[in-house]
Amino acid sequence: MTKRNQARGAHVRRNALAVALAVGLGFTGVALAQSTAGAIFGNAPSAEGQTVKVTSESGLTRTVSVAADGRYTVGNLPVGTYTVTLSKGGETVSTRNNVSITVGAGTEVDFASTTNLGSVQVNANALPAIDVTSVSSNFTVTAEQLERLPIGRSAESIALLAPGVVGGSGAFGNSVTGPVVSFGGAGVTENAYYVNGINTTALYDYTGSAYQLPYGSISQQENLTGGYSAKYGRSDGGVINQVGKRGTNEWHFGGQVVWTPRSLRADPKNTYYKNVALPGEVYASDQVKPGDLQWYRNANKGWETQYSAYIGGPLVKDKLFIFLSAEQTKDGVRNNTSVATGQDRYYKNRDLKYYGKLDWNINENNVFEFTELKQKAKNRYGEGFFFDNDTKTDLASSGPLSYLDYSYETRIFHYTSYLSDAATLSVLYGYTNVKNPTIVPNATDLPFISGALSQDPAITGGTAIRNNQTVATIGSPNAAQKSKNLRVDFSYQLGDHLLEAGIDNVSYGATDQGRQRSGPGYVWIYARSANPGDNIRAPLGVGPAGGNGYYVYKDIFKTITSLGAQQKAYYIQDKWQISDNLLLNLGIRNDEFSNQNNIGQNFVDEKNQWEPRLGFSWDVNGDSSLKIYGNLGRYYLALPQAVGERAATASTTTDQYFTYTGIDANGEPTGLKEVPGVNGAPPPGPVSSNNEYGLVPNPGTVTSTNLRAQYQDELILGFDKTLGPNWVYGAKATYRKLQTIIDDVCDTGKIADKIAAMGLNPDDYQWADPGCRLFNPGGSNRFKVLTADGSSSISVNMTNADWGTFPKPKRKYYALDLYLEHPFDGTWTGRVDYVFSRSYGNAEGQVRSDLGQTDISKTEDWDYVQIMSGAGGDLANDRRHQIKAYGAWQVTPEWLVSGTLRIQSGGPKSCLGFYGPDQSDVGLGYGSDYHWCRGKVFSPGSERLPWTKTLNLGVTYRPAFADHKLAFKMNIYNVTNEQATLQTDPNLHPRYSLAISNTYDSGLYFQAPRSIQLSASYDY
């Protein structure tokens, strides 16, 4: 569809892997995507009557018997710090203190060399160097690491520490959902976010997260980059899983102030028009020339202040605990837009988050947890001004700015029952309510004026005329969303097998979502033809502008609607301890997805989507010093509700073309005369590339009746190895192949041709309605086509050849990750990763980054065969080389210095123009969006963007006089003030003109300039 804009324990481990799974109370054995728990396992001297007791800071107590072979495991333990005690006959044999659990992983506590009866206190490390019980690929960051390292205060900034994770296009995400990231070459909408076990991915379009924990309330963030078990799904990119802090048997409280002043930010660099036209080519606007200022960015700086506080402790010792926190962020930023827009905007944001957790240890065998997440945000409100680019001063106010008034609330109820030494039951239920209306203060009825630099200078005198309408597209003031989550998991230890089964269901609803034009509901867009005699949009019947080539068109766009979605799944898996050293993880999952239109009718209904998962972990030496592991799996991806916005409900997208003889003081054209049709035909009136004229399509006709969900296959092989007592290194190879995608096809004429080939009269059928249909590119798709009177229908089977032979959809990703790590030993820590990877093909996924197209699974790709000509190449999230490093050094008990470094090669560039050697528009009004540049194919990645380098440094001072509870910190982000271009304008021409776009190849998004962040905190 067309675009609308981790010192280890003192004892030697033996057969660590066998220990982990031989005795179990439901230990997962895998780093799980949505897990909020971990496990403790180990060996003890073989003796009758021995037990191991674990006690958490919050009073949770679990006791298990040591097996005859000396092995034990205590599983499904909430993340936290534990005391582990070995007893015999009721007397303590040995104790380990400060045992920390990492989410979804196993922590080994070994008593094997304990021979004397008595109390022996030994401090255990937080995490074994190598977790031999895991077959997945995860990168977990703890609260302690967040405190040490200079990391941006968002889930995505934390995730960027992980190998294979890169930043996505700045066209996606917003001030609430945050910036977007890509895992392993996948699209930015193909990730999943979780907080305390519940899905917090943006409910409507899966772009970013709907809620992230207050930064100081994060206990751990697990970044899963692949290979997860059958218990979890609905992501073929990556998973960001946050686990919040909880109350303990000691009261703790604290607070923090974080300040990033405007005066300590470097100036962004201005941009200037490039000389991109060749001899003989004409620029679209003659009001600017190469070298002129394009974007005055020097003053586009802002400030941010964040206040946070927390308190946690026992309401009833050993029984009932509470943790409460709040975080308020206030910031302001100046955003001087391009010269073409002539606007200077002063934005402010206010964001208040709450996090509350209640833990009730009902008894030793039953635990109940309640979590509440709340957020209230007012984003991008403020005032706009007209701007004089010559004097660099603000002129008259253009009025208050529209803003997002966002509220979010989630409640999570989680019950865990340890039914026996072998069986565990977990039930989690949660619901979410979101309101996300767009507020337009002092709304004006004036239309937004676009393309003002292309106004006829004979009328304007060379000075663009605009009005005080500051935004072209807005959302609904009544927008709301909701979801419900239910998952039930049961595990049972049967000999060498840990059997698990469960269900995982989510339902979604959305009210008044979508977009519409501001003001009167339309936008005026000025343009110029390089040759006045050329047809403007011949495929739609729009003829030439004539005269001096200047014209204007009225653009109407409205997609406001209500939608729903249901996602159900069940799974079964077996963690089979084949031998002392070898674990096999066998699982299978079945997902069902359905999407509903505004009256509750299904237009997508996908069932029996089987996802086999196979993983192994080989503890080669039996002492956790060398692990070889692998994983092979299939992952299905659901369609978000947003897919129905322009596919299954009424939407309007029309353009009507005029010439004009004047422009009034508000920038509106006067003396309008409609552009004639092709070859002198009457004016065509409003035209739509995809037949979007506000009609509600029949739900049975908007998708192929044999539609299959997008899915991806993944293969991972790797090893982890200790290097002496203090280092770990390893390597991992990953291969991903996208097998099926969903997008829309809009070449309805080909359906008419197929009906005719079937011996039927196309005039008797509604083959052009709807204008675009969801399908699986590259294969055969069956479509329901109604008769002209709608009384019946026929099934039309469209093969790939019937469309004119689309290329097979392709997205392949391979990567080799090499790493070396020194875990924190009380003095220092460090890690470095190098990733060589490539993501290539012709299908980025559900979105298209080069165009910034956010229409999920309804991009311009696959609309017509010609659109895909030359589309194969390097995909938008391809970064061939990545180097990541971090480290921290505790110089003295008071002083700590730290840093992070990220170096990566640039992404691929695109050049989009008109189709073919003759530079025509053979599609249906797609203008200059083809992978052809000046009559030649320009495959993505033929040229690359520059390398980027980001160095962050931090220093922390914890004075002894305050018992190190008071901390002062300074973080410097982007120390060397790199401001590399991250994405450029790909369009060689304006949409419907062969003139050269003045902004072609200009930067759209850039590295953020250097900034300095100051903070003070107190933790009691």
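Not measured: the values here are computed from a predicted model.

### Description of the side chain of Asp743
Turning to step 1, where the next piece is worked out: The topology assignment puts Asp743 in strand β46 (residues 743–745).
Turning to step 2, where the next piece is worked out: Despite its burial, Asp743 pairs with no opposite charge; the closest candidate is Lys858, at 8.3 Å N-O.
Turning to step 3, where the next piece is worked out: Within polar-contact distance, the side chain of Asp743 engages the side chain of Thr859 at 2.8 Å.
Turning to step 4, where the next piece is worked out: Sequence-distant contacts of Asp743, defined by excluding residues within four places in its chain, comprise Arg773, Leu774, Phe775, Pro777, Ser857, Lys858, Thr859, Asp861 and Trp862.

### Concerning the UniProt feature "domain: TonB-dependent transporter Oar-like beta-barrel" (unreviewed entry) in the protein
Turning to step 1, where the next piece is worked out: Under the local residue numbering, the UniProt record ascribes the feature "domain: TonB-dependent transporter Oar-like beta-barrel" (unreviewed entry) to residues 349–602.
Turning to step 2, where the next piece is worked out: Note that residues 349–602 is 2% helix and 67% strand, and that its end C-alpha atoms are spaced 38 Å apart.

### Points about the sheet that holds strand β1 (residues 37–43)
Turning to step 1, where the next piece is worked out: As summarised here, the arrangement of the three strands in space is β4-β1-β7, forming an open sheet in which the pairing is mixed. Either end of the sheet is taken by a strand with one partner, and the two such strands are β4 (71–78) and β7 (106–108). Strand-to-strand, the axes of this sheet are offset by a mean angle of 20 degrees, without reference to chain direction.
Turning to step 2, where the next piece is worked out: Alignment of β1 against β4, held across six bridges, turns out to be antiparallel.

### Some thoughts on the pairing of strand β49 (residues 793–798)
For a regular strand, the rule is simple: side chains alternate between the two faces of the sheet.
Turning to step 1, where the next piece is worked out: What you see with β49 is a clean split: Ile794, Val796 and Met798 sit on the buried side and Ser793, Ser795 and Asn797 on the side with no burial.
Turning to step 2, where the next piece is worked out: As paired strands, strand β48 (residues 781–786) and β49 are joined by six bridges and run antiparallel to one another. Counted as the bridge partner of Leu786 is Ser793 from β49.
Turning to step 3, where the next piece is worked out: The turn joining β48 and β49, which pair antiparallel and follow one another in sequence, is formed by six residues; a positive phi near 75 degrees is taken by Gly790.

### Focus on the packing of aromatic side chains
Turning to step 1, where the next piece is worked out: For the coordinates displayed, the defined rule picks out 35 aromatic pairs.
Turning to step 2, where the next piece is worked out: When the centroid spacing of 6.0 Å and the interplanar angle of 65 degrees are considered together, the rings of Trp524 and Phe658 count as edge-to-face. In this pair, Trp524 sits in strand β32 (residues 522–528) while Phe658 sits in strand β40 (residues 652–659), placing the two residues 134 residues apart along the sequence. Here Trp524 matches Phe658 in class, with each residue buried.
Turning to step 3, where the next piece is worked out: Measuring from centroid to centroid gives 4.9 Å for Tyr636 and Tyr711, while their planes differ by 35 degrees, and the two rings are tilted. Of this pair, Tyr636 sits in strand β39 (residues 626–637) while Tyr711 sits in strand β44 (residues 710–723); the two residues are 75 residues apart in sequence, bridging distant segments of the chain.

### Thoughts on the pattern of salt bridges
Turning to step 1, where the next piece is worked out: This model, assessed by the stated rule, comprises 54 salt bridges.
Turning to step 2, where the next piece is worked out: The residue Asp504 makes a salt bridge to Arg234 at a minimum N-O spacing of 3.3 Å. With Asp504 in strand β30 (residues 497–513) and Arg234 in the loop between β14 (218–226) and β15 (239–244), the pair connects residues that are 270 residues apart, well separated along the chain.
Turning to step 3, where the next piece is worked out: Overall, Asp504 belongs to the buried group, its relative accessible area being 5%.
Turning to step 4, where the next piece is worked out: The residue Asp878 makes a salt bridge to Arg880 at a minimum N-O spacing of 3.1 Å.
Turning to step 5, where the next piece is worked out: Here Asp878 falls in the buried class, since its relative accessible area comes to 1%.

### Regarding the pairing of β44
Turning to step 1, where the next piece is worked out: Judged from the 12 bridges that link them, β39 and β44 form a sheet pairing that is antiparallel. Its bridge partner being in β44, Leu626 is matched across the sheet by Lys721.
Turning to step 2, where the next piece is worked out: Note that β44 and strand β45 (residues 727–740) share 13 bridges and pair antiparallel. Opposite Tyr711, over in β45, you have Thr740 as the bridge partner.
Turning to step 3, where the next piece is worked out: Connecting β44 to the next strand, β45, in antiparallel fashion are three residues, including Gly724 with a positive phi near 70 degrees.

### Some thoughts on the environment of Ala472
Turning to step 1, where the next piece is worked out: As for its position among the elements, Ala472 is in the loop between α4 (457–460) and β28 (473–474).
Turning to step 2, where the next piece is worked out: Counting along the chain gives 421 residues from Ala472 to Pro893, while the straight-line C-alpha distance between them is 55 Å.
Turning to step 3, where the next piece is worked out: With residues up to four places along the chain from it excluded, the contact list for Ala472 reads Phe448, Gln516, Arg517, Ser518 and Val523.

### What about the state of the cysteines?
Turning to step 1, where the next piece is worked out: According to the stated counting rule, one finds two disulfides in the structure shown.
Turning to step 2, where the next piece is worked out: Note that Cys746 is cross-linked by a disulfide to Cys772, the S-S spacing being 2.0 Å. Looking down the S-S bond of the Cys746 and Cys772 bridge, the torsion is 110 degrees, so its handedness is right-handed. In this pair, Cys746 sits in the loop between β46 and α5 (748–757) while Cys772 sits in the loop between α5 and β47 (773–775), placing the two residues 26 residues apart along the sequence.
Turning to step 3, where the next piece is worked out: Here Cys772 falls in the buried class, since its relative accessible area comes to 6%.
Turning to step 4, where the next piece is worked out: Each disulfide pairs two cysteine sulfurs, and for Cys911 the partner residue is Cys933, the sulfurs being separated by 2.0 Å. On the sign convention where negative means left-handed, the S-S torsion of about 55 degrees between Cys911 and Cys933 marks this disulfide as right-handed.

### Describing the sheet that holds strand β9 (residues 137–142)
The pairing of strands in a sheet comes from backbone hydrogen bonds and takes either a parallel or an antiparallel form.
Turning to step 1, where the next piece is worked out: One open sheet accounts for five strands, arranged β9-β14-β15-β12-β13; its pairing is mixed. The two strands at the open ends of the sheet, each matched to only one other strand, are β9 and β13 (198–199).
Turning to step 2, where the next piece is worked out: Of the pairings in the sheet, the one linking strand β12 (residues 192–195) to β13 comprises two bridges and is antiparallel in character. Among the inter-strand pairings, Val195 is bridged to a residue of β13, identified as Ile198.

### Thoughts on the domain arrangement of the protein
When the parts come together, some accessible area is lost, and that loss is often what is quoted as the size of the interface.
Turning to step 1, where the next piece is worked out: Domain boundaries assigned for the protein yield domain 1 (32–108), domain 2 (137–246) and domain 3 (445–475 + 515–558 + 651–695).
Turning to step 2, where the next piece is worked out: The C-alpha-based centres of domain 1 and domain 3 are spaced at 71 Å.

### Things to note about unusual backbone geometry
Turning to step 1, where the next piece is worked out: The omega angle of the peptide bond from Asp769 to Pro770 is 0 degrees, so this bond is cis rather than trans.
Turning to step 2, where the next piece is worked out: Checked against the element boundaries, Pro770 lands in the loop between α5 and β47.
Turning to step 3, where the next piece is worked out: With a phi angle near 50 degrees, Gln919 is a residue other than glycine that sits in the positive phi range.

### Quick notes on the side chain of Ser689
Turning to step 1, where the next piece is worked out: With respect to the helices, strands and loops of the structure, Ser689 is situated in the loop between β43 (673–674) and β44.
Turning to step 2, where the next piece is worked out: Accessibility expressed as a relative area gives 9% for Ser689, which makes it buried.

### Structural notes on the confidence of the model for the protein
Turning to step 1, where the next piece is worked out: Averaged over every residue, the pLDDT of the protein is 91; the share at 70 or more is 95%.
Turning to step 2, where the next piece is worked out: Within the model, pLDDT remains below 50 along residues 5–33, and this stretch shows 152 contacts once partners closer than five positions in the same chain are excluded.
Turning to step 3, where the next piece is worked out: Here residues 117–128 is modelled with pLDDT under 50, and outside its nearest four sequence neighbours on either side it reaches 41 contacts, counting other chains as well.

### Some remarks on the environment of Ala452
Turning to step 1, where the next piece is worked out: Take Ala452: it is sitting in the loop between β27 (448–450) and α4.
Turning to step 2, where the next piece is worked out: Of the residues examined, Ala452 reaches a relative accessible area of 2% and is grouped as buried.
Turning to step 3, where the next piece is worked out: Once the C-alpha coordinates of Ala452 and Arg838 are considered, the two residues, 386 residues apart in sequence, prove to be 41 Å apart.
Turning to step 4, where the next piece is worked out: Ignoring anything within four residues of it in the chain, the contact list for Ala452 reads Gln287, Ala340, Ala464, Ile465 and Arg466.

Parameters at a glance
Residues numbered from 1 in each chain as written. Predicted model: local features only at pLDDT ≥ 70, side-chain atom pairs only at ≥ 80, totals over all residues. Heavy atoms only, no water. Helix = DSSP H or I, 4+ residues; strand = E, 2+ residues; numbered from the N terminus. Buried < 20%, exposed > 50% of the residue type's maximum accessible area, 1.4 Å probe, protein only. Lys, Arg positive; Asp, Glu negative; His and termini not counted. Salt bridge = Lys/Arg side-chain N within 4 Å of Asp/Glu carboxyl O. Polar contact = N/O pair within 3.5 Å; in protein donor to acceptor, adjacent residues only side chain to side chain. Contact = heavy atoms within 4.5 Å. UniProt positions renumbered as here; feature names shortened; annotations may be inferred. Pairing = 2+ DSSP bridges. Axes fitted to C-alpha atoms, helices over the stretch in contact; angles between N-to-C directions. Phe/Tyr/Trp six-rings, centres within 6.5 Å; stacked < 30°, edge-to-face > 60°. Disulfide = S-S within 2.5 Å. Domains from an automatic or database assignment. pLDDT = per-residue confidence, 0-100.

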